[in-house]
Amino acid sequence: MSDTLTDTAPAVPGPRAGESAHRELFRLNRSRLDSRLLARVEEIERDWILPLVDSVEAAGEPVPDRATWQRLLDGLLAEEREPNPAGVYLADEASREEFALVVREFALDGLTEAQNFFPAVPRLPIKAQMAVMRVLIDEFGCGNLQQAHSQLYRLLLAELGLPTEPEHFVDTTADETFQFLNVFYWLTQRAPHVEYFLGALAYLEASIPDAFTYQARACERLGIAHGRYYTEHLHIDTFHMQEMQLAIKEYEAAYGLDPARLWAGARLLSRLIGGAFDAAVARARELAGGVTG
């Protein structure tokens, strides 16, 4: 990865002219934070993520135990397996240009995948750490560059004629996507309870095998050779889902558990990633001259 977005970069200045708070927050999250910059991060999060979490929790069902959490999660996943209009369009109708625009929109996610998960590890008991680390090891290809998920995304970007380094996408990514990216920095580092992270990641790993079928179908239909980024997730995230359930079980055994926080984390991420995907497909259709519906 280029040093532009790594810890070798100089301290990030204040917001650029016309820059949204979500883009600024992403830049700050990827930088070394002194007390002044951390205060700015907390200011943005106070106005954005804290009210959002409050609204999710206020609308949530009672979750008395882990078994109830699992039933609620299964119900949410079943709802999301129903055909999504944006996903169906991407899979069955989108042009190569439209598909490339969606790939571009999520490049900052694909190119930095799982990098923001590590700060949660020391907040977990040792057996839960091991389960989460098994997930992270897979995300980084077990140390093999050619198997790393971010490298698979680079190959996809290159095939579509797009840049392959994160800094090229900071100024073109939409706020809906930045919210999805930024939420994990809060979940892993500043959320008051790590159960929010566990619930969010358990949801993500369980939902991706169904969600990525749309992109996998689009790659097959469009003759895109480097669709493995998506098909690899169809395979490996079933294992990751099991590991996250184990991490939650081990967390409960060691520290006790508030399953309502798991459920809030899952619904929070569902809302953010669903909104980002729908917005990305609509924007791709508009930019390519299609009908947004």
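Residues numbered from 1 in each chain as written. Predicted model: local features only at pLDDT ≥ 70, side-chain atom pairs only at ≥ 80, totals over all residues. Heavy atoms only, no water.

As for helix α11 (residues 195-211)
Taking 1.5 Å as the rise per residue, α11 with 17 residues should run 24 Å; its terminal C-alpha atoms sit 23 Å apart, in good agreement. For α11, the buried fraction is high: 15 of the 17 residues fall into the buried class. (Helix = DSSP H or I, 4+ residues; strand = E, 2+ residues; numbered from the N terminus. Expected span 1.5 Å × (residues − 1). Buried < 20%, exposed > 50% of the residue type's maximum accessible area, 1.4 Å probe, protein only.)

Side note on the pattern of salt bridges
Summed over the entire model, instances satisfying the criterion amount to 14 salt bridges. Between Arg40 and Glu43 there is a salt bridge, with the nearest N and O atoms lying 2.9 Å from each other. Residue Arg40 and its partner Glu43 are both found in helix α2 (residues 35-47); the two are separated by three residues, about one turn of the helix. One salt bridge in this structure joins Glu105 and Arg283, with 3.6 Å as the shortest N-O distance. Of this pair, Glu105 sits in helix α6 (residues 96-105) while Arg283 is found in helix α14 (residues 259-287), placing the two residues 178 residues apart along the sequence. (Salt bridge = Lys/Arg side-chain N within 4 Å of Asp/Glu carboxyl O.)

Details of the nonpolar core
One finds Phe184 and Tyr230 to be the most contacted residues of the largest nonpolar core, which totals 92 residues. At 13 residues, α14 tops the list of elements feeding residues into this core. Every residue in contact with Tyr230, bar those within four places of it in the chain, is listed here: Phe99, Val103, Tyr153, Leu156, Phe212, Gln215, Ala216 and Cys219. (Core = buried A, V, L, I, M, F, W, Y, C linked by side-chain atoms within 4.5 Å. Contact = heavy atoms within 4.5 Å.)

Thoughts on the side chain of Thr188
For Thr188, the location among the structural elements is in helix α10 (residues 175-190). By relative accessible area, which is 1% here, Thr188 ends up buried. Within the structure, Thr188 has its side chain in polar contact with the backbone oxygen of Asn116 (distance 3.0 Å). A distance of 2.8 Å separates a polar side-chain atom of Thr188 from the backbone oxygen of Phe184. Aside from chain neighbours lying at most four places away, what touches Thr188 is Asn116, Phe117, Pro119, Ala120, Arg123 and Phe197. (Polar contact = N/O pair within 3.5 Å; in protein donor to acceptor, adjacent residues only side chain to side chain.)

Some thoughts on the confidence of the model for the protein chain
Predicted confidence across the protein chain gives a mean pLDDT of 93, with 93% of residues reaching 70 or more. Within the model, the stretch residues 1-11 combines pLDDT values under 50 with 23 contacts to residues more than four positions away or in other chains. (pLDDT = per-residue confidence, 0-100.)

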